[in-house]
Amino acid sequence: MERHQITGHTELIGLMAYPIRHSQSPATHNAAYEKLGVDIVNLAFEVDADDLEDAIKGLRALKMRGSNISMPNKTIVHKYLDEVSPAAKLCGAVNTIVNKDGYLIGHNTDGIGYVQSLKDNGIDPTGKKVTIVGSGGAATAVQIQSALDGVAEMSIFARDDKFKDNAIETVRKINENTDCKAVFYPLEDLDRLKAEMADSYLFTNATGVGMKPLEGITYIPDASFFRPDLIVTDVVYSPHETAMLKMARKAGCKTMNGQGMMLFQAIAAIELMLGQRVDSEYMKEKLG
Ligand code: NAD
């Protein structure tokens, strides 16, 4: 592995999460810094909720350029920041901290990453109806950003579990804060799901269904839910093609997995921290 030449001028950007050692994120960010020619390194730090306040104090004291934030810290780190972006506030989660001369601003680029990955694939849901399944962190970010970016109507489905109230709250926030009209439906009502998908431009799985330990599984009962001109996307990136995407592709639908979302959320975070945008084609090539 080629190493960045670290000197007294080298600056630091972190990733604070627990567990984190398996993450691809530092490699992605370091590849981007190399391409941009900036003298910065990105390091992962095992920081959980108990250590977070001290870690953020450390970020300030060490004058780090910023930090990426992942679980379990996304929903609590706002307490230690000076400002939170409107999207991050609506999502109730921060995944990027930008240090502007000691003033810490929290952003959420997960939803931005999803919307940019749609654009990158020639998909534009502006002014259209979408159906999105999910009530967790990824779903909330995708739903809020899609509404902020001009989706006209959104049908949100979630199963009855500990996350369900998040989805109901997201519907309320979207209706109160954006021009999008959102409605909540229980995922158990599969006839309603089929009906909402039937007149949607785009359908998205924003749950962990399809990824380990739920790999090979989908809540879509059969291919009759997919008409060929429905665009079908998944936030899951491993496996590359979930059981749902495979069914949709075989039914003739254009499909997209979660890899682009992951890449573009990183590109957006780097742009917020450095004010420079790295070439996405280069990053795709670099990361395989
Ligand atoms: P989370 O734990 O916050 O939420 C889990 C969601 O899955 C909830 O909505 C829950 O109701 C739903 N769910 C779980 N089991 C289900 C089942 N059997 N049937 C129906 N719904 C079920 O998780 P998260 O952080 O929102 O992550 C969800 C998925 O999104 C994961 O696979 C994760 O890898 C992926 N993700 C991708 C990106 C990306 O950049 N592509 C970013 C974040 C998360």
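This is a predicted model, so every value here is computed, not measured.

K.L.:
Give a detailed account of the pairing of strand 3 (residues 66–69), specifying residues and quantitative values.
P.N.:
Every second residue of strand 3 is oriented toward a common face, with Gly66 and Asn68 on one face and Ser67 and Ile69 on the other, all of them buried. Looking at chain direction, strand 1 (residues 11–17) and strand 3 are connected through four bridges and run parallel. Along strand 3, the bridge assignment pairs Ile13 with Gly66. Where strand 3 meets strand 5 (residues 96–100), three bridges bridge the pair, whose relative direction is antiparallel. Within strand 5, the position partnered with Ser67 by the bridge is Ile97.

K.L.:
So what's going on with empty space enclosed by the protein? Residues and values would help.
P.N.:
Per the stated rule, a full pass over the model turns up one cavity of 30 Å³ or more. In this model, the largest cavity occupies a volume close to 60 Å³. Taken together, Val115, Lys119, Asp124, Pro125, Thr126, Ser146, Asp149 and Val151 make up the lining of the largest cavity. Among the residues making up the lining of the largest cavity, the classes are represented as three nonpolar, two polar and three charged.

K.L.:
Tell me about the packing of aromatic side chains, residues and numbers included.
P.N.:
On inspection of all chains with the given rule, the structure shows one aromatic pair. A cation over a ring is seen here: Lys35 above Tyr282, with NZ or CZ 4.7 Å from the ring centre. Looking at Lys128, its charged tip hangs above the ring of Tyr201, at a distance of 4.2 Å from the centre.

K.L.:
Hey, could you go over the site of the ligand for me, with residue numbers and the actual values?
P.N.:
Taken together, the neighbourhood of the ligand is formed by 20 residues, with Ser135, Ala138, Asp161, Met211 and Gly258 sitting nearest. At 2.7 Å from an oxygen atom of the ligand is found a side-chain nitrogen or oxygen belonging to Ser135. Burial of the ligand by the protein amounts to 77% of the accessible area it has alone, namely 850 Å². Only helix 5 (137–148), strand 11 (209–215) and helix 9 (259–274) provide two or more residues apiece to the shell around the ligand. Top element by residues in the shell around the ligand is strand 11. It accounts for three residues.

Thresholds, definitions, all that
- Residues numbered from 1 in each chain as written.
- Predicted model: local features only at pLDDT ≥ 70, side-chain atom pairs only at ≥ 80, totals over all residues.
- Heavy atoms only, no water.
- Buried < 20%, exposed > 50% of the residue type's maximum accessible area, 1.4 Å probe, protein only.
- Helix = DSSP H or I, 4+ residues; strand = E, 2+ residues; numbered from the N terminus.
- Pairing = 2+ DSSP bridges.
- 1 Å grid on protein atoms, 1.4 Å probe; cavity = no way out; pocket = protein on both sides within 12 Å on 5 of 7 lines; lining within 4 Å.
- Points joined across faces, edges and corners; volume = space filled by probe spheres on them.
- Nonpolar A, V, L, I, M, F, W, Y, C, P; charged D, E, K, R; others polar.
- Phe/Tyr/Trp six-rings, centres within 6.5 Å; stacked < 30°, edge-to-face > 60°.
- Lys NZ or Arg CZ within 6 Å of the ring centre and 35° of its normal.
- Near = heavy atom within 4 Å.
- Polar contact = N/O pair within 3.5 Å; in protein donor to acceptor, adjacent residues only side chain to side chain.
- Areas by Shrake-Rupley, 256 points an atom, 1.4 Å probe, with all protein chains shown as cover.

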